[in-house]
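Chain and residue survey
Read off the chains here:
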2 protein chains.
Amino acid sequence: MDDIDRAIIAELRADSRAPYAAIGAEVGLSASATKRRVDRMVADRTIRRFTVDVDPAAEGAGTEAYVELFCRGTIAPHELRRMLLAIPEVVEAGTVTGEADAVGVLRAAGDQELEQALEKVRAAGSVDHTKSSVVLSRLITR
Amino acid sequence: MDDIDRAIIAELRADSRAPYAAIGAEVGLSASATKRRVDRMVADRTIRRFTVDVDPAAEGAGTEAYVELFCRGTIAPHELRRMLLAIPEVVEAGTVTGEADAVGVLRAAGDQELEQALEKVRAAGSVDHTKSSVVLSRLITR
DNA sequence: GATGAAACCTAACCTTT
DNA sequence: AAAGGTTAGGTTTCATC
């Protein structure tokens, strides 16, 4: 992973369908040399996948919340993972330091749908209580 | 935005470089009909961009934290935005309901770099104090 | 949904360090 | 060897019908 790799990733992040020749021109390589580096990074799993950034509002996920989870007793991370995976509105989650046991990001169509998703989280065994921060206005998305 | 659009988006999310013919085969459309729909969604800004999902650890952003921001007095959202935008480690942020004024997601190479980024957040005028939850293990990424 | 020209991808081969 | 350049042929895109 050198500076050229990083430059290629920056280009791909902005437009992952740009021709290799165009990316190569930006980073100072030929099209095939660029492709070879991209192929290597895909094989490496440095690049996990080629994807799209979709407007959340356009597909019914306009309401978002950061949720702290407090569990009863001790819970195995993989248990927690299994349980959160069953709730599609949970788009991100991790165990954390601090008071809470875990933090999750929930996305739903609206307030009601978000509330229902939160109920599903709380209904799950071993979750004692939650503390939510509903996003009012998005300031940064990078 | 109908079910076919949603199906196309699901395909693009998994592999945004798949040929239109392949996506069309999955959703029951010809290559050109598929392309027309994708072009419309790009024009719509339903699809914001074609991008890549990169392993954070591979490019020096392996340490992550959810940070609650508590401000002094009242602060205009756009002020907060301007200030957080200046800190590249802040990858996400929004004003929220609840005790905190805002929540942000920070990503840095390691603990030290995260701490430095946090200091930058706290040093910014009008930020009274912060409350961080450092991610120990990532459970879900969707 | 189909067609054809232009652009692009891809893999093999060659050159350089 | 390892990394980049070049070329040729097959595939994909894209505008038009």
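Right above here is the structure, for reference.
Residues numbered from 1 in each chain as written. Chains lettered and ligands numbered in written order. Predicted model: local features only at pLDDT ≥ 70, side-chain atom pairs only at ≥ 80, totals over all residues. Heavy atoms only, no water.

Focus: the packing of aromatic side chains
Applying the stated criterion to the full structure yields one aromatic pair over all chains. When the ring centre of B:Phe50 is taken as reference, the NZ or CZ atom of A:Arg17 above it lies at 3.8 Å. (Phe/Tyr/Trp six-rings, centres within 6.5 Å; stacked < 30°, edge-to-face > 60°. Lys NZ or Arg CZ within 6 Å of the ring centre and 35° of its normal.)

Remarks on the interface of chain A and chain B
The interface of chain A with chain B comprises 56 residues on the first partner and 56 residues on the second. Where A:Glu99 meets B:Lys131, a salt bridge forms, and the shortest distance between an N and an O atom there is 3.9 Å. Run the count over chain A and chain B and you get 44 residue pairs in polar contact (both at pLDDT 80 or more). Broken down by secondary-structure element, the contributors of at least two residues to the side of chain A that touches chain B are helix H1 (3-14), strand E1 (47-54), strand E2 (63-71), helix H4 (77-85), strand E3 (90-96), strand E4 (102-108) and strand E5 (127-141) of chain A. Class assignment of the residues belonging to the side of chain A that touches chain B gives a composition of 29 nonpolar, 10 polar and 17 charged. Where E1(A) meets strand E1 (residues 47-54) of chain B, seven bridges bridge the pair, whose relative direction is antiparallel. The residue of E1(B) that forms the bridge with A:Val54 is B:Ile47. (Contact = heavy atoms within 4.5 Å. Salt bridge = Lys/Arg side-chain N within 4 Å of Asp/Glu carboxyl O. Polar contact = N/O pair within 3.5 Å; in protein donor to acceptor, adjacent residues only side chain to side chain. Helix = DSSP H or I, 4+ residues; strand = E, 2+ residues; numbered from the N terminus. Nonpolar A, V, L, I, M, F, W, Y, C, P; charged D, E, K, R; others polar. Pairing = 2+ DSSP bridges.)

Remarks on the protein's contact with DNA strand C
All residues adjacent to DNA strand C are A:Pro19, A:Tyr20, A:Lys35, A:Arg36, B:Ser30, B:Ser32, B:Ala33 and B:Arg36. For DNA strand C, the backbone portion of the atoms within 4 Å of the protein, that is sugar and phosphate, comes to 55%. Between a base nitrogen of DNA strand C and a side-chain N or O atom of B:Ser32, the distance comes to 3.3 Å. Within the contact set of DNA strand C, a base nitrogen lies 2.7 Å away from a side-chain nitrogen or oxygen of B:Arg36. At the level of secondary structure, the elements contributing two or more residues to the surface near DNA strand C comprise helix H3 (31-44) of chain A together with helix H3 (31-44) of chain B. For the surface near DNA strand C, the leading source of residues is H3(B), giving three residues. For the surface near DNA strand C, the per-class residue count stands at three nonpolar, two polar and three charged. (Near = heavy atom within 4 Å.)

Observations concerning the protein's contact with DNA strand D
Taken together, A:Leu29, A:Ser30, A:Ser32, A:Ala33, A:Arg36, A:Arg37, B:Pro19, B:Tyr20 and B:Lys35 make up the full set of residues adjacent to DNA strand D. In this structure, A:Ser32 approaches DNA strand D through a side-chain N or O atom, which is 2.6 Å from a base oxygen. In this structure, a phosphate oxygen belonging to DNA strand D sits 2.8 Å away from a side-chain N or O atom of A:Arg37. Here the surface near DNA strand D takes four residues from H3(A), the largest share from any one element. Grouping the amino acids of the surface near DNA strand D by side-chain chemistry returns four nonpolar, two polar and three charged.

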